[in-house]
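Breakdown of the fold
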Amino acid sequence: MGKTSSAVFPVPGSPPTYWLTRFVILRLLGVVYAVAFLAAVNQIIPLIGANGLLPVANYFHNLGVSGIGSTGSGFVRLPSVFWFWHSDTALLVMGWVGLLLSLVVAVGYANAPMMGILWFLYLSFVHAGQDWYSYGWEIQLTETGFLAIFLCPLVDIRPFPRRAPPLVIIILFRWLIFRIMLGSGLIKFRGDAVWRSGTALNYYFQTQPIPGPLSRWFHFLPRFLLKMGVWFNWLAELAAPWFAFGPTIARHIAGVIMILLQLFIILSGNLSFLNWLTIIPALACFDDGVWAKVLPQRLVRKAESANYLAEESKPMITTAWVVAGIIALLSIQPALNLLSTNQVMNTSYDPLELVNSYGAFGSVGQERANVVFEGTMDDTTSGKAIWKPYLYKGLPVALNQPSPQIAPYQLRLDWQMWFAAMSTPDQYPWTYNLVYKLLHNDAGAISLFAGNPFPDKPPRFIRAVLYRYKFAPPGNPQGFYWNREVLGDWIHPLTVDDPLLLNFLKDEGWRK
């Protein structure tokens, strides 16, 4: 054990070390996990609970009927603790356990079993969450969380334990950021002419899922600056990833470029925890030589002491190499996908979501459609009816309402309604269940919105209207943040006793 202590850490001329790299990766991962589990605690019951929009009990039952087999077979093919216990209490207990463990990791304490529990708990939510957990960053978190298990010792939970982080796991993190960034760049280049022409950002800030406080400012930047933004995107996603495996200086520069892109995206919108999560594997581009210059000296001294007292663990190193072999085999399909002209994004190839394909915004919409749920107490739906909107927590509704800062938190109803607005309610059948619940002032459904326009008595009719939204220019006389025009009914007005609605809900198993 032991090296000679030096006044400079790391020791000049010695191989790079990654004590501080591990410290930063695990702390940020703990924060991301905490945000993800907090969203589950707050939203999981109205989404997939027993009386939720897509009850998980119905989902597992339908999977069994469709041929996935028994509970045991279902668990093997779609691993989730909720196969065995999926009551509302179970959903909340697992959410709280995940949140509390995440906070422990975020403040500095982690070992392999803790990280393994977090990984499997979140995988359980992903596999039970249906539409609400169908985003690329869900499987990205499971892959990132799996790798993090093997950065840690088996027992020691201290921020700077006696075991050094295995270099091969650090390299696997670089392989992850390589696939994330290159996959995103290639899907854009192959997917939409507006990226290739450099005009994608003319539309992106206005049409992205949930704009942020600065999105309108970015939208109205001069066109040449927006084109430069596209070019920087190409640099970060198509060029920089290749240097994640390069010489030290090139690797550091690549890491800075990839992280800068994520920070710009964070400033310009509300993409859940995606960009914070993407920063995590990019941190593996930096060794202790970089962190020692930017982190507090108190931490640097602790890392120096840990390096001095470090003991090699052959089981830990052997395990890391076994994991690397598994990842190498599972990487074949994702790597072939990167090379394919029929590239797909955000796809998993194994039940544990260990090695996946990634990508974002392969196409950029040029118009923003929003679905707004509206209710009325009037006994008519004619032009004389007074309709009141249900305000989302993030998606725009009121014209004078600036976009709030939501990310890294995720509003799962808002995200799904952004997708739904580009489709029809028949392709998102749970929207009829939502209408039925709004007609009953269901507390769970109402909690997914910013408020209830009918607090005393449920509305007589509910409808969903499709609007086209555009940013209003800054300084407009009305003080509007948005302008909009009606495109038509998305769901025509429905009442609580509508026979077609009731029969549909019964057929889907959402009403007895």
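Here's what I pulled together on the structure shown here. Quantities reported herein were computed from a predicted structural model and do not represent experimental measurements.

1. Comments concerning empty space enclosed by the protein
Tallying each qualifying case throughout the model produces 2 cavities of 30 Å³ or more. Its volume calculated, the second largest cavity comes out at about 60 Å³. Looking at the lining of the second largest cavity, its residues break down into 8 nonpolar, 1 polar and 4 charged.

2. Overview of the packing of aromatic side chains
The way to describe two aromatic rings as a pair is by their centre distance and the angle between their planes. A full pass over the atoms with the stated rule returns 46 aromatic pairs. Residues Phe37 and Phe125 carry aromatic rings whose centres are separated by 6.1 Å and whose planes lie at 75° to one another, so their mutual orientation is edge-to-face. One end of the pair, Phe37, is in helix α1 (residues 19–48); the other, Phe125, is in helix α5 (residues 112–128), and 88 residues separate them in sequence. Residue Phe37 is classed as buried on the basis of its relative accessible area, which comes to 0%. Seen in terms of ring centroids, Tyr204 and Phe361 are 5.1 Å apart; in terms of plane orientation they differ by 90°. Their pairing is edge-to-face. Placement of the pair is Tyr204 in helix α9 (residues 201–207) and Phe361 in the loop between β2 (356–357) and β3 (368–376), with a sequence separation of 157 residues. The pair Tyr204 / Phe361 is uniform in exposure class, with both members buried. Joined through ring pairs, the aromatic side chains of Tyr33, Phe37, Phe82, Tyr122, Phe125 and Tyr133 make up one cluster. Sitting over the ring of Trp387, Arg463 keeps its end group 4.0 Å from the ring centre.

3. Details of helix α11 (residues 223–239)
End to end, α11 covers 23 Å across 17 residues, agreeing with the expected 24 Å (1.5 Å per residue, within 8%). Of all the positions in α11, only Leu226, Val230, Asn233, Trp234, Ala236 and Glu237 are classed as buried. The secondary structure elements touched by the buried residues of α11 are α7 (167–191), α8 (193–196), α9, α10 (215–219) and α12 (248–268).

Analysis parameters
- Residues numbered from 1 in each chain as written.
- Predicted model: local features only at pLDDT ≥ 70, side-chain atom pairs only at ≥ 80, totals over all residues.
- Heavy atoms only, no water.
- 1 Å grid on protein atoms, 1.4 Å probe; cavity = no way out; pocket = protein on both sides within 12 Å on 5 of 7 lines; lining within 4 Å.
- Points joined across faces, edges and corners; volume = space filled by probe spheres on them.
- Nonpolar A, V, L, I, M, F, W, Y, C, P; charged D, E, K, R; others polar.
- Phe/Tyr/Trp six-rings, centres within 6.5 Å; stacked < 30°, edge-to-face > 60°.
- Helix = DSSP H or I, 4+ residues; strand = E, 2+ residues; numbered from the N terminus.
- Buried < 20%, exposed > 50% of the residue type's maximum accessible area, 1.4 Å probe, protein only.
- Lys NZ or Arg CZ within 6 Å of the ring centre and 35° of its normal.
- Expected span 1.5 Å × (residues − 1).
- Contact = heavy atoms within 4.5 Å.

Nothing here speaks to function; it is geometry throughout.
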